[in-house]
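One letter stands for each residue in the lines below.
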Amino acid sequence: MAEAQIARELPLAGRAAGGASVSITPAEPAMRVSLRAPQESIAAVSKGLGIDLPTRPKQSAVAGARSVLWLGPDEWLVIEEGDRDPMADLARATALHSAVDVSHRNTAILVTGTQVADVLNAGCPQDLSLEAFPVGACSRTVMGKIEVVLFRTAEDAFRVECWRSFSDYAFEFLRDAARGL
Amino acid sequence: MSAAGANRIAGAGRLTPANTVRFTFDGKSYTGLQGDTLASALIANDVHLVGRSFKYHRPRGILSAGPEEPSALVGVRRDASRHTPNIRATVQEIHDGLDAVSQNRWPSLTFDIGALNDIGSPMFSAGFYYKTFMWPKAAWKHIYEPVIRNAAGLGVAPKEADPDNYAARYVHCDVLVIGGGVAGLTAALSAAESGARVILCDENAHPGGALRFEGEARLDGMAGHDWAVQAAGRLAAMDNVRLLTRTTAFGYYAQNFVGLVERVTDHLAAPEPDMPRERVWQVRAGKVIIAAGAIERHMVFANNDRPGIMLASAARTYLNHYGVAVGRKVGVYTANDSAYGAAFDLKRAGADIPAIVDLRDEPDAGLVEEAGVLGIRVLTGHAVTGAGGKLRVASMSVEPKKGGRTEVIPVDALIMSAGWTPSVHMFSQSRGKVAWDEETGRFLPGTYAQECASIGACNGTDGLEATVNEALAVGEAAAKAAHPKAKKPSVAISVGSAGKWAGGMVGAGPGAEAGKVVKAFVDFQNDVTAKDIRLAVQEGMHSIEHVKRFTTNGMATDQGKLSNLHGLAIAAEALDKPIPKVGLTTFRPPYTPTTFGAIVNHARGKIFDPMRRTPMHAAEAAAGAVFEDVGQWKRAWYYPRAGEDMHAAVNRECRTVREVAGMFDASTLGKIEVVGPDAAKFLNILYTNPFLKLGVGRLRYGIMCREDGFIYDDGVVGRLAEDRFHVTTTTGGAPRVLHHMEDYLQTEFPDLKVWLTSTSEQWAVIAVQGPKAREIVEPFVEGIDLSNEAFPHMSVAEGTVCGVPARVFRMSFTGEAGYEINVPADYGRMVWDAIYERGAPMGMCLYGTETMHVLRAEKGYIIVGQDTDGTVTPHDAGLSWAIGKKKTDFVGVRGLKRPDLVAEGRRQLVGLKVKDGKSVLEEGAQIVDNPKQAIPMKMIGWVSSSYWSENCGAPIAMALVENGHNRMGETLYVPMPDGVIEVEVCGTVFFDEEGGRLHG
Amino acid sequence: MLLIHCPYCGEERPELEFRHAGEAHIARPENIAEISDEDFAHYFFYRDNPKGVTFERWRHMHGCGRFFNAVRDSVSDKFLTTYKAGEPKPDIADAANENQINTSKGQGAK
């Protein structure tokens, strides 16, 4: 996005939570695209994006500051933490697809530490063991009363993406879950 | 005498005498030992009387040593807001400062007025509340109910909010083992050694189960309990095992989803403030192994509820685990072998055992011989027919069961065993079907419904060796079934001697047979006697489910863990049917009482429910906004200035918008981006309006129906490009509208090349409305020519506002010329502040949802869900123009032609003018056409929207009225409690009927 | 809480991620504008709600977002199979054989 020079007012600015075995912090601002594409466009869209779209459930692909998360059979979430605008990259791909800028729709919380899965499992009913949810796995799911996208970036680190107005709930839920582990 | 109680036996038990703990019961201070339960510590101090019963207020003592306890319920209090009623004294561990109180007594435990119920008990027989208080009718509400409510109930709940926190966690495993007795520990070791992820839960502070009292068990050359401690240690040290103590499996749900509740801090004197009081584990297991053991039954005889009368296994647990003798002169009444072990252990510990009364004619010869060696008299073929004493058992009356002389034997405690009931609760909750085992006279797991297995005593497996072998095999098989990489476990456990628990009796014993007027309790907690159950049958309750509800047998918080089988046997006898023909009632969660705190866990206070705020929320709050809840959203409702009430603020805001301009936060509106070459085609199907020819840069108000023809949602649709639309929905409708659209797209029109993306939260939406709107926003906008000619009403364009990318909509929900400026959410506050700083000095105000409602009602714009109720068609709402006349298909096209929907006289949306010019109608008020008709009057409609309109200088309203469109000018009536209000039917547009202001 | 096999995600996921969406295999008539009142009533209002094997729609609402179909026993609550939207109605007997949990012999049953 061209306006990157103007500071964004993130909904969770200044918050921090956690303890000895887990830390909870708001992520830095990022650009995001909700990408939809039929099977036959995947190669062309991958080329435009500079990264091969993962085609298996719960898989992600990462190249530099850009991650692409499989959310559904024709749906991906592109997260750009650098300054290459993914909307601009996708605009160059002529194959049939839909790219919608959701940079500001979502915000993210980084949860790290040895008990990271225990904290998330306070509200997420999925099996988050390394066998079932290895590093690089991602999924749209629920946490407490809201929908989130979980992305495991390391054995002890998750990125929790949620919609902006649910981020207060998400953060405070995680804070509560991290009490007295 | 020990410091920790007169009944503490030196050298007995597993607690450390030096670790003393001070606690109070009913205000009196006592000393116990670290590891004591409240029950063991009280008995050590020779306190058996701990409460009064529910119905008859009879003195009650401690019946068991575990979670099955029906009788010894107390209140435990940490402070004013931490008072928990109905805590089982047999489960609560003591800690320094523990403060427990007895319940259901007034003024004191030893002298209780309510005990008069015991004397008046013929009034309170089974089903008394269905019969006794029926007449006169009015007395129920004013006399019976208040008195009964005061007298009934167990314990008192605190009035303050619970200050503790509670936690929850979902957890997955290959094998969940419920119960940490010898069977559970063995199975867990076997499964864990195979490499499976294992969870073992046990409700006690330490695993061990029956090994806590069964002194003669030997495993791997060790005393049984020592082996259990060592086995638990081995499990705790394994990475693939989670060992949860003080943790009760309370519910077994579909697909091996099992709820456990862990008591984290109730046993601690000073818990860390962040520790949860309880934690709920929501376990999903590949295989569940139920090793829940068996529960000993009491004997049913007259006055069997006197304090000091308890289960034999409980007395043995108090002795062998806690080092406490339950009495000095202990009578024994049994119908099976297992009570003998308790008698022998007590005798060896120095207690006097005046007699073992055995209902059987020929008990095991070895046991009788051993009793002889110990000098204990065994009365075979005898029964205890009554107990003396009131606040504490003082004697037992013994007679031959075939009749004969009664001998009264003084005792200060009486232990009993009618046999063991396999604990099939979890199995039954899993929807497994139990089967009656004729040979051993017990219900056992029969047909399984889930991936689980029962082992040990709960499966009817008798004897230590058989239990261990079964557990080893089942543990290994479960691991293999649930864990693909399971390997052969290397667990081998050698087994020494142990008693066998089969046998026993069910039902009422001698002296409590039919016809005997005695209180022989079946269910201690609900005060159900053998006589009550017979009465229920006599009164026509032939199903065990009816007997249960009529007598309340098994319906208390202990769910009849001791009483169910006895009750069933008595009913079966009265019905003259075999037990399996009468059947067992269904066991349901929770297995033991579970706190609301645990069930609610994290969902309280700030995170009870998401509270959604817009990007401009803080700015609005700073400007003095009062917020209202709209679903989960907080929306600015109105902005009162000094001295203004809501009415004054809204009037000012309404005037200002029409005279100057106002700024409104519309961010909560749902937004959906519809992208793809077939986008227009898709919208053409979803909306009643035509969309194929909507030009790029143009907006259209759209109505969405369900297939039945009723209005489902509405909103403005803008075309950003040939293949890209920006759709808005109502605030509350956003998720369901997207779901509805996805449904049609995925399942009815999957070939359309179009995708839907929610952008509700991508955009902050700032509406600037009013004659000066353009003048205010123009300087901030780049890339869009805002002139009327270039950018007329119902236009959309992309450009920048305050230097950030924006979608600007020229549209209006107020009837004024205006803009809805969409900017990426994180910039919303910055743009809001900038516009406000310019607009405020020009006279612009901030306005909230109330003003928005009034202004739109002045223009007759509907709000879906307020002016429609799911039975209103576009025609009814006066929106026939929004239906594409040439369209052959859209959702609702056929529904709209249904006979009912085209019939004359439907309720239709109209305006109402109030004749007195000042009364503001109540929304929801009913409308009649003749106020003089007899009550009940015929209602012909109701008021859907109603406000004071400052701009019209009059009240305005909209209403759904039968045949409304044909009633223009008619007078109708709104009957209210303090008079009838006259109204005149009119069109729905009250202000600027020509709509010229929109284009200004 | 049920576990539901999502045919698009290829694994069982917790029920909380799903939303039930009514009876399956009721196609919207292509000539819907022309059908009779009775046909419309059958299409839109009437449902069988059988006791036993039912065909129903679910959406993996908080997962991959896809609608799919399921065969479920309304007595035991058990899913017999799930399959993608648009795929033909499976043979019930086959589905039952493939997915049935052996209900007659749990390991500890006697």
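Think of each chain on its own: its residues are numbered from 1, step by step along the sequence as written. Each chain is given a letter, starting from A, and each ligand a number, starting from 1, according to the order in which they appear as written. Reporting in this predicted model follows two pLDDT cut-offs: at least 70 for local features of residues, and 80 or more for side-chain atom pairs to be given and counted; totals over whole chains, interfaces and linings ignore these cut-offs and use all residues. As a rule here, side-chain values cover all heavy atoms of the structure and leave hydrogens and water aside.

A. Main features of the overall build of chain A. Across its full length, chain A carries four helices and 11 strands. All radius of gyration figures rest on C-alpha atoms, and the globule criterion is 2.2 Å times the number of residues raised to 0.38. Taking 16 Å as the expected radius of gyration for a compact globule of 181 residues, we find that chain A reaches 16 Å, a close match to that expectation. Taken along its principal axes, the extent of the C-alpha atoms in chain A is 50 × 40 × 25 Å. Looking at the 181 residues of chain A, the share that counts as buried comes to 61%. Expressed as a percentage of contacts within chain A between residues at least 6 apart in sequence, the contacts between residues at least 24 apart total 61%. Positive charges come from Lys and Arg alone, negative charges from Asp and Glu alone, with His and the N- and C-terminal ends not counted. Charge coordinates come from a single atom per side chain, which is NZ of Lys, CZ of Arg, CG of Asp or CD of Glu. Side-chain charges in chain A split into 18 positive and 23 negative, and the spacing between the mean points of these groups amounts to 2 Å. A run of DSSP states H or I qualifies as a helix once it reaches four residues; a run of E qualifies as a strand once it reaches two. Both are numbered from the N-terminal end. With a 1.4 Å probe rolled over the protein chains alone, any residue whose accessible area is under 20% of its type maximum counts as buried; one over 50% counts as exposed, and the rest are partly exposed. Contacts between residues were defined by any pair of non-hydrogen atoms, one from each residue, lying within 4.5 Å.

B. Main features of helix 7 (residues 312–320) of chain B. With respect to burial, helix 7 of chain B is a largely interior element, nine of its nine residues being buried. Buried positions along helix 7 of chain B lie against helix 1 (38–44), strand 16 (294–297), strand 17 (309–311), helix 8 (338–348), strand 24 (413–417) and strand 25 (419–422) of chain B.

C. Spotlight on the interface of chain B and chain A. Counting from both sides, the interface comprises 48 residues of chain B and, opposite them, 48 residues of chain A. What counts as buried area is the accessible surface, traced by a 1.4 Å probe, that two parts surrender upon association, with contributions from both included. Across the interface of chain B and chain A, roughly 4,100 Å² is buried in total on both sides, 54% from carbon and sulfur atoms. Salt bridges are identified by distance alone: a Lys or Arg side-chain nitrogen within 4 Å of an Asp or Glu carboxyl oxygen. The interface formed by chain B and chain A holds eight salt bridges in total. Arg8 of chain A is the partner of Asp826 of chain B in a salt bridge, and the nearest nitrogen-oxygen pair spans 2.8 Å. Side-chain atoms alone can form a polar contact between residues adjacent in sequence; in general such a contact is a pair of N or O atoms within 3.5 Å, and within protein one must be able to donate a hydrogen while the other accepts it. Here chain B and chain A share 25 residue pairs in polar contact (both at pLDDT 80 or more) between them. Each residue is assigned to one class: nonpolar for Ala, Val, Leu, Ile, Met, Phe, Trp, Tyr, Cys and Pro, charged for Asp, Glu, Lys and Arg, and polar for all the others, Gly among them. Broken down by class, the residue content of the side of chain B that touches chain A amounts to 23 nonpolar, nine polar and 16 charged.

D. Looking closely at the environment of Leu669 of chain B. Residue and element names in this part refer to chain B. Relative to the elements of secondary structure, Leu669 occurs in the loop between strand 33 (662–665) and strand 34 (670–675). The partly exposed category is assigned to Leu669, whose relative accessible area is 21%. Separated by 94 residues in sequence, Leu669 and Trp763 have C-alpha atoms that sit 9.7 Å apart.

Interpretation in functional terms is not warranted from these geometric data alone.
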